[in-house]
Amino acid sequence: MANVRLSIQNEMNRIVNKLKYEQSSDGSWHYPFETGISTDAYMIILLRTLEINDEDLIQALVERIERKQEENGAWKLFYDEGGGNVTATVEAYYALLYSGYRKKSDPNMQAAKRRILEMGGIESVQMFAKFMLALTGQYPWPKFFPIPIEMILLPLSFPINFFDFSVYGRANLTPIFILADNQYRVKTKRSPDLSDLFVSRLKEEDDWSSFQADRSFLSYVKQAIKHFIDLPKSIHSAAVQHAKQYMLNRIEPDGTFYSYFSSTFFMIFALLSLGYPKNHLTITKAINGLKSFICQINGNPHMQYTTATVWNTSLVSYALQEAGVSAADPVIQKANRYLLSRQHVRYGDWTVHNPYSMPGGWGFSNVNTINPDVDDTTASLRAIHKWVMKEPLFRQAWDRGLNWLFSMQNDDGGYAAFEKNVNKRVLHHIPIQGAEFILTDPSTADLTGRTLDFFGNFTNLSKQHPAIQREVEWLMDHQEKNGAWYGRWGICYIYGTWAAVTGLISVGVSPKHPVIQKAVKWLLKIQNNDGGWGESCKSDIEKTYVPLGASTLTHTAWALGALIAVFGEPIPEIQAGIKFLLQSAEREDWTTSYPTGQGMAGGFYIHYHSYPYVFPLLALSHYQKKFEISHV
């Protein structure tokens, strides 16, 4: 036992020292937010389309994309995706050709083309990729778009309006409204010809089969517009202007639109379609903003979808403190003062459904000033909690953050990510691919569980507080039949179950409660023979738990976190999990970079480079505190 204690402490020390060493001068941590090769490909396509010949960047992105190609010619979103991902493969193929540094006759390009055709051709790519292909002249625009641009004018009183969409949906669809309305396309002398990637020559309206739904929605919205707006002849131009202003009013200080790569990419082209010149200051700033997202991974640049600086910093600061690093340590002081500087003071779209609260949340990226989220807010509050009684500035930040957090609880008792009560089920039926993920922001087990954990462990709230009781009820009502919970922002059921169990235990739910016991039984059942846990990204797509067939550090740490919270003694399964963490801490294989975060099912997965440090450190720290120190 003494050897195990020493091994745990040594591993904790190793992680602590590594995290301290990798802190930036401003107190933050800039671990990569890695999302595959799509953003790398889009950056090449953007630069070439705008005829910005940044050859060093383009060549380096080409090298990164090629390194990720599989032997069969395809690109994947995650290791066990099978034969490849048709969307990622088309995006990579297009970018490599457009770069000018690769030709169709190259063996790896021929292999990519074969796989694209075998996977259904260019017609099979996902919706947002089709928009990109359409605006760059490689794909026909749909004759019928399922959401008319005039919808942006509907008043909040209307049963379905623009602000019923999630902020992510609004950010990405607004520029697409403009582009689709203008049927905008731009090609250059360097544009490749992708016509040989079509499997069949369909009619234009059939190329967008996902849009061929009941058109009664369109007529419904149009009738509403005529009813509510007095100037029918100017409706269309007013909608276009409104869409343009929506984008321009939400540009962050770095020039990006909501600090998302995709929305900024589409905004640039939307502005071009409205007559903006390529060298317009807004476009130039947006491009420079996107370039600021570049990070280095294994010697190659990667275009991050956004930066995860606030998220990484809050998680690391909290984990270090849980591992015994004093709140007075200069590393923690610098980190928490950075977090203090990133608390929001501006009103954003969240006020539409929550009009009576003051700003006080935190966002995800280092430049995010108007789009706070619940998870970053609780994470930042955890990080600064030991300073609240010491410095007035931190107390003020705490009070503002806590008040904002309370105000964001949904009417159903749960918590969503960005906004309040943005989950109208009817939006799932709009013929937009991935509508459930793009258009809604529902209460989720991970957000609700983590918020509950914050209230239970870091505040003096009574366990009988109405807000807490409503969260408990929501979690108990949303447990899966097998005992798990679905986690929206991680992979996936292990993530949701960890958040739900730790949250419930923190507010006094008994470990013997049937809900907890059911969850524990499920976690123990899916433990791997090596003592760890691992879950496939396929869980996200199939909406049921799919084992990875291997263990990852992050999944293991999450599962251990839940079990440590429940048990009063270290059962053999916990000991096996700890042993896995210790033995696998420094290994380097495909599990090391396997995505454990999700953005959109089937299309967008995230490898957080901080997670293999943060969550094992938390699991080891909590094990040490509960099972070692308490038994001394």
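Here's a quick rundown of the structure.

Cut-offs used in this document
Residues numbered from 1 in each chain as written. Predicted model: local features only at pLDDT ≥ 70, side-chain atom pairs only at ≥ 80, totals over all residues. Heavy atoms only, no water. Phe/Tyr/Trp six-rings, centres within 6.5 Å; stacked < 30°, edge-to-face > 60°. Helix = DSSP H or I, 4+ residues; strand = E, 2+ residues; numbered from the N terminus. Buried < 20%, exposed > 50% of the residue type's maximum accessible area, 1.4 Å probe, protein only. Axes fitted to C-alpha atoms, helices over the stretch in contact; angles between N-to-C directions. Parallel < 35°, antiparallel > 145°, perpendicular 65-115°, else oblique. Left-handed = near helix turned anticlockwise from the far one by under 90°. Contact = heavy atoms within 4.5 Å. Nonpolar A, V, L, I, M, F, W, Y, C, P; charged D, E, K, R; others polar. Core = buried A, V, L, I, M, F, W, Y, C linked by side-chain atoms within 4.5 Å. Pairing = 2+ DSSP bridges. Salt bridge = Lys/Arg side-chain N within 4 Å of Asp/Glu carboxyl O. Disulfide = S-S within 2.5 Å. Expected span 1.5 Å × (residues − 1). Bend = angle between axes of the 7 residues up to and from the residue. Lys, Arg positive; Asp, Glu negative; His and termini not counted.

## With respect to the packing of aromatic side chains
(1) Moving on: Within the structure shown, the criterion is met by 48 aromatic pairs.
(2) Moving on: On the numbers, 5.5 Å between centres and 70 degrees between planes, the contact of phenylalanine 33 with tyrosine 608 is edge-to-face. Placement of the pair is phenylalanine 33 in strand β1 (residues 33–34) and tyrosine 608 in strand β7 (residues 604–608), with a sequence separation of 575 residues.
(3) Moving on: When its relative accessible area of 7% is taken as the criterion, tyrosine 608 is described as buried.
(4) Moving on: With a centroid separation of 6.1 Å and an interplanar angle of 85 degrees, the aromatic rings of phenylalanine 418 and tryptophan 489 are classed as edge-to-face. Of this pair, phenylalanine 418 sits in the loop between α15 (392–407) and α16 (435–438) while tryptophan 489 sits in the loop between α18 (466–477) and α19 (493–506), and the two are 71 residues apart along the sequence.

## Overview of the packing of helix α14 (residues 374–384) against helix α17 (residues 445–458)
(1) Moving on: Interhelical geometry of α14 versus α17 gives an angle of 25 degrees and a closest axis separation of 10 Å. Accordingly, the angle class assigned to the pair α14 and α17 is roughly parallel. The hand of the α14/α17 crossing is left-handed. Here Val374, Asp375, Thr378, Leu381 and Arg382 of α14 lie close against α17, whose contacting residues are Leu447, Arg450, Thr451, Asp453, Phe454 and Phe458.
(2) Moving on: Split by residue class, the contact of α14 with α17 holds 5 nonpolar, 2 polar and 4 charged.

## As for the nonpolar core
(1) Moving on: Counting residues in each nonpolar core, the largest one holds 213 residues, and the members touching the most others are Phe165 and Leu320.
(2) Moving on: With near-sequence residues (within four places) excluded, phenylalanine 165 lies in contact with Ile147, Met151, Arg170, Leu173, Phe177, Glu419, Val422, Leu427, Ile430 and Leu439.

## Some words on the packing of helix α2 (residues 38–49) against helix α4 (residues 86–99)
(1) Moving on: One can describe the packing of α2 onto α4 by two numbers: an axis separation of 9 Å at closest approach and a directional angle of 35 degrees. For α2 against α4, the interelement crossing comes out left-handed. Residues Ser38, Ala41, Tyr42, Ile44, Ile45, Arg48 and Thr49 of α2 form the contact with α4, whose participating residues are Glu91, Ala92, Tyr94, Ala95, Tyr98 and Ser99.
(2) Moving on: Here the contact of α2 with α4 is built from residues that sort into 8 nonpolar, 3 polar and 2 charged.

## Overview of the sheet that holds β7
(1) Moving on: Taken in spatial order, the 3 strands make up an open sheet running β1-β7-β6, and their pairing is antiparallel. The sheet is open, and its two edges are formed by β1 and β6 (597–600), each paired on a single side.

## Digging into the pattern of salt bridges
(1) Moving on: Tallying each qualifying case throughout the model produces 24 salt bridges.
(2) Moving on: Arginine 48 is the partner of glutamate 55 in a salt bridge, and the nearest nitrogen-oxygen pair spans 2.9 Å.
(3) Moving on: Note that aspartate 54 is salt-bridged to lysine 291, the shortest N-O span being 3.0 Å. Linking aspartate 54 in the loop between α2 and α3 (55–67) with lysine 291 in helix α11 (residues 281–291), this pair joins segments that are 237 residues apart in sequence.
(4) Moving on: What makes lysine 291 partly exposed here is its relative accessible area of 24%.
(5) Moving on: Via salt bridges that share partners, Glu34, Asp40, Arg64 and Lys68 belong to a single interconnected network.

## A short note on the state of the cysteines
(1) Moving on: On inspection of all chains with the given rule, the structure shows 0 disulfides.
(2) Moving on: Cysteine 295 takes part in no disulfide bond, and the closest cysteine sulfur to it belongs to cysteine 537, at a distance of 18 Å.
(3) Moving on: Exposure remark for cysteine 295: the relative accessible area of 10% places this residue in the buried category.
(4) Moving on: As a non-bridged cysteine, cysteine 492 has cysteine 537 as the owner of its nearest cysteine sulfur, 8.3 Å distant.
(5) Moving on: Among the residues examined, cysteine 492 registers a relative accessible area of 0% and is labelled buried.

## Describing unusual backbone geometry
(1) Moving on: With omega at -20 degrees, the peptide bond leading from isoleucine 491 into cysteine 492 counts as cis.
(2) Moving on: Assignment of secondary structure puts cysteine 492 in the loop between α18 and α19.
(3) Moving on: The backbone of tyrosine 258 sits at a positive phi, close to 65 degrees, despite the residue not being glycine.
(4) Moving on: Along the chain, tyrosine 258 turns up in the loop between α9 (235–248) and α10 (261–273).

## Considerations on the environment of serine 195
(1) Moving on: Of note, serine 195 is situated in the loop between α7 (167–182) and α8 (216–228).
(2) Moving on: Since its relative accessible area comes to 28%, serine 195 is described here as partly exposed.
(3) Moving on: Here the alpha-carbon distance between serine 195 and threonine 369, two residues 174 residues apart in the chain, equals 42 Å.

## Quick notes on α7
(1) Moving on: Between the first and last C-alpha of α7 there are 23 Å, a value that for 16 residues agrees with the 22 Å anticipated at 1.5 Å per step.
(2) Moving on: Leucine 173 marks where α7 bends most, by close to 30 degrees; the proline proline 175 follows one to four residues later.
(3) Moving on: In terms of residue burial, α7 counts as a mostly covered element, since 14 of its 16 residues are buried.
(4) Moving on: Immediately downstream of α7, the backbone of glutamine 183 shows phi near 50 degrees, a positive value.

## A short note on the side chain of histidine 607
(1) Moving on: Examined against the element boundaries, histidine 607 turns out to sit in strand β7.
(2) Moving on: Of the residues examined, histidine 607 reaches a relative accessible area of 8% and is grouped as buried.
(3) Moving on: Every residue in contact with histidine 607, bar those within four places of it in the chain, is listed here: Pro32, Phe33, Glu34, Thr592, Ser593, Tyr594 and Pro595.

## Re the side chain of aspartate 373
(1) Moving on: You can see aspartate 373 is positioned in the loop between α13 (330–342) and α14.
(2) Moving on: Arginine 450 provides the closest opposite charge to the buried, salt-bridge-free aspartate 373, at an N-O distance of 8.5 Å.
(3) Moving on: Not counting the four nearest positions on each side in its chain, aspartate 373 is found in contact with Trp362, Gly363, Phe364, Trp404, Ala417 and Phe418.

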